[in-house]
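# Structural description and commentary
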Amino acid sequence: MVATECRVHKLVSDVAALSDNRVLFVRYKDRSKYDGQKGWFLPDDYLNYEEHPRDGARRVLMEQAGIEADVKRLSYIESFAGGPGGAWHIIFHYKVDLPKAARPSLGKNVAEAKWFPVTRLPPRKEMAHDGWGIDVLREILRT
């Protein structure tokens, strides 16, 4: 029998959706999958078994915000150990430029989705993981 879930590694894709110098952030209803963190996140999720990270980024944007986009650009990969059980996380950070900031259609676990001007992001205290999404976005915008 082939294992379909790894309990040692957590593979994640997130996506910085940008349009008109704005970026999309989401807040989740059930935060258990997100280390119990509340606040704003770039849309993200664990990859499904055998799912390519690029396909995961596309899926995340569609499932969480109802936005269909041809996500192609991998900005960078980040890795760290931590979270419950000390699992090793590998995060694939994607960027997609959208011609128009579509009104998000909230996915089943999304409490709120909002476009923020990249020059006026929420304060770090309103972000999950002490503002990690801001740091990710800054790195994505540099590349």
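The written sequence of each chain sets the order in which its residues are numbered from 1. This being a predicted model, a pLDDT of at least 70 is required before a residue's local features are given, and a value of 80 or more before pairs of side-chain atoms are given or counted; all residues contribute to the totals for chains, interfaces and linings. Hydrogens and water are ignored here; the side-chain numbers use all heavy atoms of the structure.

## Some words on the environment of Ala 102
Strands here mean DSSP runs of E at least two residues long; helices mean DSSP runs of H or I at least four residues long; both are numbered from the N terminus. Mapped onto the fold, Ala 102 is located in the loop between β5 (88-97) and β6 (110-117). Burial status follows relative accessibility: with a 1.4 Å probe on protein chains alone, a residue under 20% of its type maximum counts as buried, one over 50% as exposed, and anything between as partly exposed. A relative accessible area of 30% means that Ala 102 is categorised as partly exposed. Along the backbone, Ala 102 and Leu 24 are 78 residues apart, and their C-alpha atoms lie at a distance of 9.8 Å. Note on contacts: a residue pair is in contact if any heavy atoms of the two residues lie within 4.5 Å. When near neighbours in sequence (up to four residues on either side) are disregarded, Ala 102 contacts Ile 67 and Trp 115.

## A closer look at the pairing of strand β2 (residues 22-28)
Taking burial as the measure, the seven residues of β2 include five buried ones, the bulk of the element. The criterion for strand pairing is that DSSP finds at least two bridges linking the strands in question. Here β2 pairs with β6 via seven bridges, running antiparallel. Looking at the pairing, Val 23 lines up with Phe 116 of β6.

## Observations concerning helix α1 (residues 53-65)
Compared with the 18 Å implied by 1.5 Å per residue over 13 residues, the 18 Å span of α1 between its first and last C-alpha is a close match. Within α1, burial applies to Pro 53, Gly 56, Ala 57, Arg 59, Val 60, Leu 61, Gln 64 and Ala 65. The positive-phi residue at the C-terminal boundary of α1 is Gly 66, with phi of around 65°. Expected helix span is taken as 1.5 Å per residue step, with the number of steps being one fewer than the number of residues.

## Remarks on the environment of Asp 70
Along the chain, the position of Asp 70 falls in the loop between α1 and β4 (73-81). Spatially, the C-alpha atoms of Asp 70 and Asp 97 are 9.3 Å apart, while their sequence positions differ by 27 residues. When residues no more than four places from it in sequence are discounted, the contact partners of Asp 70 are Arg 58 and Val 96. Two N or O atoms form a polar contact when they lie within 3.5 Å of each other; inside protein one atom must be a possible hydrogen donor and the other a possible acceptor, and for residues adjacent in sequence the pair counts only when both atoms belong to side chains. Among the polar contacts listed, one links the side chain of Asp 70 to the side chain of Arg 58, at a separation of 3.1 Å.

## As for the packing of aromatic side chains
The criterion for an aromatic pair is that two Phe, Tyr or Trp rings (for Trp, the six-membered ring) have centres within 6.5 Å, with stacked assigned to planes under 30 degrees apart, edge-to-face to planes over 60 apart and tilted to the rest. In total, this model carries four aromatic pairs according to the counting rule given. Taken together, a centroid distance of 6.0 Å and an interplanar angle of 90° make the contact between Phe 80 and Trp 132 edge-to-face. Of this pair, Phe 80 sits in strand β4 while Trp 132 sits in helix α2 (residues 132-142), placing them 52 residues apart in sequence. Trp 132 gets classed as partly exposed once you look at its relative accessible area, which sits at 24%.

In short, geometric facts, not functional conclusions.
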